[in-house]
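What follows is each chain in one-letter form.
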Amino acid sequence: MSAARDDAQDDGYEWPRPPVDGWTADDLDRLPDLPPHTELIDGVLVFMSAQANFHMFVLRALENGLVACAPQGLLVIREMTIRLERRTRLEPDLMVVPEDSYLSTAQTCYQPEDLLLAVEITSPESQERDRDVKPMKCARAGIPHFWRVENVNEAPVVYVYELDPASRSYAVTGIHHKQLKLDRPFDVDIDLTCFPKAGSASVRR
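Every chain is numbered on its own, with residues counted from 1 as its sequence reads. Thresholds applied to this predicted model are a pLDDT of at least 70 for local features of residues and 80 or more for the giving and counting of side-chain atom pairs; totals over whole chains, interfaces and linings are not thresholded and use all residues. Note: side-chain values were computed over all heavy atoms of the structure, leaving out hydrogens and water.

Enquirer: Just to check I follow, could you spell out the overall build of the protein for this structure?
Expert: Put simply, DSSP H or I for four residues or longer makes a helix, DSSP E for two residues or longer makes a strand, and each gets a number counted from the N terminus. Within the protein, the regular secondary structure consists of three helices and 13 strands. Relative accessibility under 20% of the residue-type maximum defines a buried residue, over 50% an exposed one, and the middle range a partly exposed one, all with a 1.4 Å probe and only protein chains included. Here the protein holds 205 residues, and 46% of them are scored as buried. Taking all contacts inside the protein whose residues are at least 6 apart in sequence as the whole, residues at least 24 apart take part in 54%. Accessible surface is estimated by sampling points in the Shrake-Rupley manner with a 1.4 Å probe; for residues, cover comes only from the protein chains shown. Accessible area of the protein: about 11000 Å², with a carbon and sulfur share of 50%. Throughout, a contact is declared for two residues whenever any of their heavy atoms are within 4.5 Å.

Enquirer: Please explain helix 2 (residues 127–140) as it appears in this structure.
Expert: Over its 14 residues, helix 2 runs 20 Å from end to end, which matches the ideal 20 Å to within 8%, given 1.5 Å per residue. Turning to helix 2, its buried residues are Arg129, Asp130, Lys134, Pro135, Lys137, Cys138 and Ala139. The first or second residue beyond helix 2 is glycine 142, which carries a positive phi of 90°. Any helix carries an expected span of 1.5 Å times its number of residues minus one.

Enquirer: Looking at this structure, how should I read the sheet that holds strand 6 (residues 94–98)?
Expert: One key point about sheets: their strands pair by backbone hydrogen bonds, in either a parallel or an antiparallel sense. Think of it this way: DSSP has to see at least two bridges between two strands before they count as a pair. Spatially, 3-6-8-9-10-11 is the arrangement adopted by the six strands of the open sheet, whose pairing is mixed. Each having just a single partner strand, strand 3 (74–78) and strand 11 (169–176) make up the two edges of the open sheet. Averaged over all pairs of adjacent strands, the angle between their axes in this sheet comes to 20°, without regard to strand direction. Pairing between strand 10 (residues 155–164) and strand 11: seven bridges, direction antiparallel. Each bridged residue has a counterpart across the sheet, and for aspartate 164 the counterpart in strand 11 is serine 169. Note on definitions: angles span 0 to 180 degrees between N-to-C directions of axes, and those axes are lines fitted to C-alpha atoms, for helices only across the stretch in contact. Relative to the sheet, helix 1 (residues 53–69) contacts strand 3, strand 6, strand 8 (117–121), strand 9 (145–152) and strand 10, its axis offset from that of strand 8 by approximately 160°. The strands that helix 2 touches are strand 8, strand 9, strand 10 and strand 11; relative to strand 9, the one it contacts most, it runs at about 175°.

Enquirer: So what exactly am I meant to see when it comes to the environment of tryptophan 23 here?
Expert: By secondary structure assignment, the location of tryptophan 23 is in the segment before strand 1 (39–41). Measuring from C-alpha to C-alpha, the distance between tryptophan 23 and arginine 86 comes to 9.0 Å, with 63 residues separating the pair along the chain.

Pasting the structure below:
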């Protein structure tokens, strides 16, 4: 589950006032009534915009594809947080972790050393964070693989990154348009054309 709660905010909601040195990663579990999918970057709370259809359909396609491809002993986790630093806790759209990093049903976050892969689906309001801030922080934390998904002409394009452990930075290893076919971090073959187009019969049903 996400650390943020799903209850809607009403007109009387009072936004939390940050401490002088900013929030910490542990505060996400203690602050009441945060909007869904709240993240923490350098001590600052970051709230997500409403999800678009593109995000939902691509997330479903990638999640189903990864579940089908992942070897035994790995879990595909959806919309859970990573405690990267004391004052940074991110929520990738998807991540792949070893089974032994799953501690309990009450668990609200994972550690960066748990992650094999983090996936971010970019939206207009999160573009700068997903292109710059999050890859930089995930690379510095040592997460070996990172995918960024962009909406290009109403179709997903997946930018695949692999960690250079010497520089703790990511290098682009591929840009995938219609088919995501990889052999790292494990064999992956996902059709990127399988989600419905607006106005199609599959959407109207």
